[in-house]
Amino acid sequence: MFRTVRRRSRRLVMKSLPVAIGLLAVSGMAHAPAMATRNIAPTAAPAIEDGYDLWLRYRPITDAATSTAYRSRLKQLVVLGATPTLDIARDELHRGVSGMLGSAPERIDALKDANSGAVIVATTATLTSAFAEHRTTFPAPLRAELARTGNEGFVVRTLPIPGKGAAQSAIYIVANTDVGTLHGVFHLLRLLQTRESITTLQITSRPRIQRRILNHWDNLDRSVERGYAGKSLWDWQALPGPLPDSLLTRYRDYARANASLGINGTVLTNVNANATVLTSAYLSKVAALARIFRPYGLRTYLTARFSAPIEIGGLRTADPLDPAVRAWWNSKIAEIYDSIPDFGGVVVKANSEGQPGPQDYKRSHADGANMLADALQPHGGVVMWRAFVYSNDVPVDRVRQAWDEFKPLDGTFRSNVMVQVKNGALDFQPREPFHPLFGAMPRTPLVMEFQITKEYLGQDTHLVFMAPYFKEVLDADTWSKGRGTTVARIIDGSVDRHTLSAIAGVANIGNDRDWTGSHFNQANWYAYGRLAWDPSLSSSTIADEWIRQTLTTDARAIPVIRHLMLVSREAVVNYMTPLGLAHIMATNHHYGPGAWANGGRADWTPSYYHRADTTAIGFDRTARGSNAIAQYAPPVAQQFAQRSTVPDNVLLWFHRVGWNERTKSGRTLWNDLALRYQEGVDSVRAMQRAWTSVRSHIDAPRHKQVAEFLAIQEQEARWWRDASLLYFSQFSRQPLPRGVETPAHSFDLYRRLRCPPDRDKPRCPDLTTPPTPSRQ
């Protein structure tokens, strides 16, 4: 009936990570079951779905014992108070319970009319008033728990109903704010969808990170940079409205989905910013979206183009120390808050990839950020200043530059400035060591920037569950203040006692019906939101939740799908960038292999990073090379510096290694590289077999799309393997080892391929050759 082993299994899945980096070969795989290869029969054919409902499906519970038990605890619904957010909470519970149980709970207006089996939703203030009416003291344990939940957390507890005796109990969902109650309602609905027992509940939850934000790289023409799920959601021509019902519903459902995860902020526009969004005409459109999002606890942010005073303000300069520039920004920020009183603040990309910034005027990043911070401070807004920078001159080692520029500025930023740092020092690669800035700026709050959209990990078609990726970084130990100073503790502010904290995820959302371009890409939106709320959750737990809410609750199919998801990230690393290789994708669009690509500035070319020649491969970042390891705390630097201690999965990131040198596997580097490429292909084939085995548990349209995408993934994994190994074999001058399949084509064919024809829905139709069965 109910699940009774789930919490125990969580402790088994994610082991503590080694010394510094959390770079296990396969995160969380040790206790996962092998993927099944035989079909698993269902109890009934699943209903047809299109993916629009995400993880908020609320499908009927077919197990009679479970539904009976739930009905006994969900007979009535009492919502104490009336606000737009509490109304949404009431409607969501009604929608969820009626969908799962076939009938809605009775709506009750007052606590005095509640009986055993009621669900009582209240804020601290409204519940205190209701208890006072019954001349009942507010329960001391509940008050103590609420004191720890802040403005967005919640308590879900089974407690007696005042005046009804100890035997008459209800489920209380209580929070200090109405937004907190909405988060609590979604938590209860998650318990129902995942078939947890709700007989006796004692749950206290609060977010560890204050600002949990999606960054949309959306342009005003509705194109999406690195977007693979259709056009931008934001229909600027239709805004500010009145909006058609279909668009209004879509925006509300976007806000619902984010509220269900506790995501509380959205940056609407691309970091490669367009100043037009700051004009009065567009601010009215932004305000219309903010009104829709506000009851869901979702605050609106914008990107600020540094040269906006010139482009839309009529000034001749954007110098951050110029009084006229500062006055213009003060006026513009005040105008924004007049329209959007809960505006969150701005994200700025400056002096990076051609974007304007303070260095154009011989000013520092701190000068630019502080100018905006001064304008935002009276209104409670923040600046998130991105650390993804590199100079116009090609550096000795590009991965050093953010640390070199920002570390000296630590302590010079205003109190409402946060520096937004990518998870790794390069650019969202399939695997990078954690960024050395984490732990290096104790006087400046740092924002983690993850990329949910898979620019470098197969884009829309490759099935890659990103939770292990996110966890690998969050659990990495920086050692900045001794053992246990994890990246997660740096960004939540607990290590350095910051009053601001934030995490940002580059969204994978568009106007495709399924929101994210593929059904499994939804899991990455979900995983990001869950980890933003609680970074301690395991990848296995998150996968399990998502499967049960989104795909199936069948106990036989769940382990198969969960394992498929958990191995998927390591599979893509193996067939793209094994052993610490990085940035060997095709230039610009980053779709498909391109280790041989050249043109443009040197640090945009793969050879800058892999440095392969006839003697060795890899980038020496030890003291003998660029010395990038010196940017880490000494225990981490020491681990990375030594061949005996550096993990093989980042070996070539830090070391230049001869083709015949041995890795920790005992194989020569060349053989290990080739066999890992083959292992990546083999893993995708195992994923295909696993997905086939659960066909009867997934509705036909969704199963078909995933199966088709897995076929593309297998084909492109072979493309990656064959093209990369043919290219690198020119330097190793060695044959493929036994167990590696013979490439299907010549290197010249792969070198001449020009894919994809459509960058928004990337495919390579010229790859039509079936897998080559022969192996060396």
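Residues numbered from 1 in each chain as written. Predicted model: local features only at pLDDT ≥ 70, side-chain atom pairs only at ≥ 80, totals over all residues. Heavy atoms only, no water.

J.: Looking at this model, I keep getting lost on unusual backbone geometry. Mind explaining?
T.: Comment: phi is negative for the bulk of residues other than glycine, and the bulk of peptide bonds are trans. Gly241 connects to Pro242 through a cis peptide bond whose omega is 5°. Among the structural elements, Pro242 can be located in the loop between strand S7 (211-215) and helix H7 (245-261). Across the junction of Cys755 and Pro756, the peptide omega takes the value 0°, indicating a cis bond. For Glu353, which is not glycine, the phi torsion reads 50° and is therefore positive. With respect to the helices and strands, the residue Glu353 is situated in the loop between strand S10 (345-348) and helix H11 (365-376). What makes Glu353 partly exposed here is its relative accessible area of 40%. (Helix = DSSP H or I, 4+ residues; strand = E, 2+ residues; numbered from the N terminus. Buried < 20%, exposed > 50% of the residue type's maximum accessible area, 1.4 Å probe, protein only.)

J.: Can you help me understand the packing of H7 against helix H8 (residues 280-293) in this one?
T.: Two measures define how a pair of helices packs: the angle their axes make with one another and the distance between the axes. Axis separation between H7 and H8 bottoms out at 9 Å; the angle between their running directions is 55°. With respect to H8, the element H7 is oriented oblique. Of the two elements, H7 crosses H8, and the hand of that crossing is right-handed. Two secondary-structure elements touch here, H7 through Leu248, Tyr251, Arg252, Tyr254 and Ala255 and H8 through Leu289, Ile292 and Phe293. (Axes fitted to C-alpha atoms, helices over the stretch in contact; angles between N-to-C directions. Parallel < 35°, antiparallel > 145°, perpendicular 65-115°, else oblique. Left-handed = near helix turned anticlockwise from the far one by under 90°. Contact = heavy atoms within 4.5 Å.)

J.: Explanation requested: the side chain of Glu716 in the structure shown.
T.: Locating Glu716 in the fold gives a position in helix H22 (residues 700-732). Salt bridges are absent for the buried Glu716, whose nearest opposite-charge side chain, Arg763, sits at 6.7 Å. Polar contacts involving the side chain of Glu716 include one to the side chain of His462, which spans 2.7 Å. (Lys, Arg positive; Asp, Glu negative; His and termini not counted. Salt bridge = Lys/Arg side-chain N within 4 Å of Asp/Glu carboxyl O. Polar contact = N/O pair within 3.5 Å; in protein donor to acceptor, adjacent residues only side chain to side chain.)

J.: What is the right way to look at the sheet that holds S10 in this model?
T.: Hydrogen bonds along the backbone pair up the strands of a sheet, which may run parallel or antiparallel. Pairing is parallel around the closed barrel formed by eight strands, whose spatial order is S7-S8-S9-S10-S11-S12-S13-S14. With direction set aside, neighbouring strand axes in the sheet form an average angle of 25°. Two elements, S10 and strand S11 (residues 382-386), share four bridges in a ladder whose sense is parallel. Counterpart to Gly345 in the pairing with S11 is Val382. Lying on the sheet, H8 is in contact with strand S8 (265-267) and strand S9 (299-303); it crosses S9 at an angle near 150°. Of the strands in this sheet, S10, S11 and strand S12 (417-422) touch H11, which is tilted by about 160° from S11. (Pairing = 2+ DSSP bridges.)

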